[in-house]
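Now for the letters of each chain:
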Amino acid sequence: MFSIGAIFGGLFFLGVFYYIQNTSYVQIPSIEELKNLKVTEVTKILKKEGLETEKIFGWGNLKLITPEGGNLVKRERKIQIYGNIEIKDGIYIPNLYGVHYFIGIDILKNLGLKVNLVKINYPGADGRILAAYPSFESTISNLEKINLLVDNGEIGGSK
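Residues numbered from 1 in each chain as written. Predicted model: local features only at pLDDT ≥ 70, side-chain atom pairs only at ≥ 80, totals over all residues. Heavy atoms only, no water.

Undergrad: Now, about the overall build of the chain: what can you tell me, with residues and values included?
TA: When helices and strands are tallied, the chain shows four helices and 10 strands. When the elements of the chain are put in sequence order from the N terminus, they spell out α-β-α-α-β-β-β-β-β-α-β-β-β-β. Among the 159 residues that make up the chain, the fraction classed as buried is 33%. Pairs at least 24 apart in sequence give 67% of the contacts found in the chain among residues at least 6 apart. Approximately 10,400 Å² of the chain is accessible, and the part contributed by carbon and sulfur atoms is 57%. (Helix = DSSP H or I, 4+ residues; strand = E, 2+ residues; numbered from the N terminus. Buried < 20%, exposed > 50% of the residue type's maximum accessible area, 1.4 Å probe, protein only. Contact = heavy atoms within 4.5 Å. Areas by Shrake-Rupley, 256 points an atom, 1.4 Å probe, with all protein chains shown as cover.)

Undergrad: Account for the pairing of strand E10 (residues 145-153), with residues named and values stated.
TA: As paired strands, strand E7 (residues 114-121) and E10 are joined by eight bridges and run parallel to one another. Pairing of Asn121 across the sheet is with Gly153, part of E10. The pairing of strand E8 (residues 129-133) with E10 spans four bridges and is classified as antiparallel. Bridged to Ile129 within E10 is Val150. (Pairing = 2+ DSSP bridges.)

Undergrad: Residue-level account of the sheet that holds strand E2 (residues 52-57), with values.
TA: Sheets are built from strands that pair by backbone hydrogen bonding, the pairs being arranged parallel or antiparallel. If you walk across this open sheet you meet the three strands as E2-E5-E3, and the pairing is mixed. Each edge of the sheet is formed by a strand with only one pairing partner; in this case those strands are E2 and strand E3 (59-66). Between one strand and the next, the sheet's axes are offset by a mean angle of 35°, whatever the strand orientation. The pairing of E2 with strand E5 (residues 78-85) spans five bridges and is classified as parallel. Note on E5: the bridge partner recorded for Ile56 is Ile81. Its contacts with the sheet place helix H3 (residues 39-48) against E2, E3 and E5, and it is angled at close to 160° to E5. (Axes fitted to C-alpha atoms, helices over the stretch in contact; angles between N-to-C directions.)

Undergrad: Summarise the nonpolar core; cite the residues concerned and give the values.
TA: Across soluble globular proteins, nonpolar side chains show a tendency to be buried alongside one another. Within the largest apolar cluster, 20 residues are counted, with the highest numbers of intra-cluster contacts made by Leu108 and Leu148. At the level of secondary structure, the elements contributing two or more residues to this core comprise strand E6 (91-92), helix H4 (101-110), E8 and E10. Considering every element that reaches this core, the biggest residue donor is H4, with four residues. Excluding its chain neighbours within four sequence positions, the residues that come into contact with Leu148 are Ile105, Leu108, Val115, Asn116, Leu117, Val118, Ile129, Ala131 and Ala132. Residues Val26, Leu34, Val42 and Ile65 belong to the second largest nonpolar core, which totals 12 residues. (Core = buried A, V, L, I, M, F, W, Y, C linked by side-chain atoms within 4.5 Å.)

Undergrad: Tell me about H3, and please be specific about residues and values.
TA: Within the sequence span of H3, burial applies to Val39, Val42, Thr43 and Leu46. Seen from one end, H3 has its buried residues packed into an arc of 100°, which puts them on one side. Pointing more than 90 degrees away from the buried face of H3 are the exposed residues Thr40, Lys44 and Lys48. Following H3 by one or two positions, Gly50 adopts a phi angle in the positive range, close to 95°. (Arc of directions from axis to C-beta.)

Undergrad: Outline H4, listing residues and values.
TA: Of all the positions in H4, only Tyr101, Gly104, Ile105, Ile107 and Leu108 are classed as buried. Viewed end-on, H4 has its buried residues packed into an arc of 165°, placing them on one side of the element. Exposed and facing more than 90 degrees away from the buried side of H4 are Phe102 and Lys109. On its buried side, H4 packs onto E3, E7, E8 and E10.

Undergrad: Can you explain the sheet that holds E8? Please cite residues and give values.
TA: Within the open sheet, the three strands sit side by side as E7-E10-E8. Their pairing is mixed. Both edges of this open sheet fall to E7 and E8, since each of them pairs with a single strand only. Taken over all neighbouring pairs, the strand axes of this sheet differ in orientation by 25° on average, direction set aside. Together, E7, E8 and E10 form the strand contacts of H4, whose direction differs from that of E7 by roughly 160°.

In structure tokens, the structure reads:
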């Protein structure tokens, strides 16, 4: 009798755990779904999905969302929204630390920036962005080039 109760208790626990894990994540709508919407409308849609807007850059129609649309993220994740009419003060560089450099290059090129890669050998996962100049979370003009410091592999190479 005790073993039957333990089995049902375990199954109940697993069910509750599964429910909590699956309801704590939400998928960011894709850019195609939100393409011709105003930035203000996009913030309302994201809020309905359980996502928070951290910063809005520019105005007009949606140009870019960071993290990228279609990704699965935790509820209440802070999202950055970029409009197609940019602010006069320049372009805000999102924090791309730890992001694979292919994704980082796409994000920065979509913002109209030229990207230069500087690769170094560093412990950890290969291909991740370690730093940027001008630095992350700063504002720069459209014509500037941004340098990304990228992990190219382990120190000392592979033997």
